[in-house]
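Structural features, examined
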Amino acid sequence: MENEIRIWLADIKKAISEINQFLPAEKNFLLFQKDLKTIRAVERNLEIIGEAINRILKVEPAIQITHARRIVDTRNRIFTTMTPCLKTLYGLS
């Protein structure tokens, strides 16, 4: 299980790095709202982070991750707002 946790932590680190790469140096929420590709890329990485944390907590409930519940809840909100088409695409319907 320890190896799985290391893999999930690496997934989290990679997703955070990708989010930072997708966002411009000067953060501007109004511009971000108009950039659907960046929105989707960031959403996907937030889903990856939330899912990895969820799996870590399932195998090691005692592990301390700051704001873990809020992060998983954010992932859940993103998932529940996915269109039926996307859920079908990901095999989640």
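Here the structure is shown first, and the text comes after it.
All of the points below concern the structure found in this document. (Residues numbered from 1 in each chain as written. Predicted model: local features only at pLDDT ≥ 70, side-chain atom pairs only at ≥ 80, totals over all residues. Heavy atoms only, no water.)

Further remarks concern helix H4 (residues 68-80). In this model, H4 (13 residues) spans 18 Å end to end at C-alpha, consistent with the 18 Å of a helix rising 1.5 Å per residue. When we look at burial in H4, the residues that qualify are Ala68, Val72, Arg75 and Ile78. End-on, the buried residues of H4 take up no more than an arc of 115°, which puts them together on one face. Counted as exposed and oriented over 90 degrees from the buried face of H4: Arg70, Arg77 and Thr80. (Helix = DSSP H or I, 4+ residues; strand = E, 2+ residues; numbered from the N terminus. Expected span 1.5 Å × (residues − 1). Buried < 20%, exposed > 50% of the residue type's maximum accessible area, 1.4 Å probe, protein only. Arc of directions from axis to C-beta.)

Attention shifts here to the packing of helix H1 (residues 2-22) against helix H3 (residues 36-59). Relative orientation of the contacting elements H1 and H3 amounts to 160°, with a least axis distance of 9 Å. Relative to H3, H1 is oriented roughly antiparallel. For the element pair H1 and H3, the recorded crossing hand is left-handed. Counted together, Glu4, Ile5, Trp8, Leu9, Asp11, Ile12, Ala15, Ile16, Glu18, Ile19 and Phe22 of H1 and Thr38, Ala41, Val42, Asn45, Leu46, Ile48, Ile49, Ala52, Ile53, Arg55, Ile56 and Val59 of H3 form the full contact between these two elements. Of the residues assigned to the contact of H1 with H3, the class counts are 17 nonpolar, 2 polar and 4 charged. (Axes fitted to C-alpha atoms, helices over the stretch in contact; angles between N-to-C directions. Parallel < 35°, antiparallel > 145°, perpendicular 65-115°, else oblique. Left-handed = near helix turned anticlockwise from the far one by under 90°. Contact = heavy atoms within 4.5 Å. Nonpolar A, V, L, I, M, F, W, Y, C, P; charged D, E, K, R; others polar.)

Before going further, it helps to examine the packing of H3 against H4. Following both chains from N to C, one finds H3 and H4 inclined at 130°, their axes separated by 8 Å at the closest point. Overall, the two elements H3 and H4 adopt an arrangement that is oblique. As H3 packs across H4, the resulting crossing turns out to be left-handed. Across the interface between the two elements, Glu43, Leu46, Glu47, Ile49, Gly50, Glu51, Ile53, Asn54 and Leu57 of H3 pack against Ala68, Ile71, Val72, Arg75, Ile78 and Phe79 of H4.

What follows deals with the nonpolar core. Membership of the largest hydrophobic core is limited to 12 residues, which are Ile5, Trp8, Ile12, Ala15, Ile19, Val42, Ile49, Ala52, Ile53, Ile56, Ala68 and Val72. Put simply, the parts of the chain that give this core at least two residues each are H1, H3 and H4. Not counting chain neighbours up to four residues away, the residues in contact with Ile19 comprise Val42, Asn45, Leu46 and Ile49. (Core = buried A, V, L, I, M, F, W, Y, C linked by side-chain atoms within 4.5 Å.)

Its 24 residues give H3 an end-to-end C-alpha distance of 35 Å, which sits within 8% of 34 Å, the value for a rise of 1.5 Å per residue. Residues of H3 that are buried: Thr38, Ile39, Ala41, Val42, Asn45, Glu47, Ile49, Gly50, Ala52, Ile53, Asn54 and Ile56.

This part covers the environment of Ile63. Turning to its location among the elements, Ile63 is positioned in the loop between H3 and H4. The residues touching Ile63, leaving out its near neighbours within four places in the chain, are Ile56 and Leu57.

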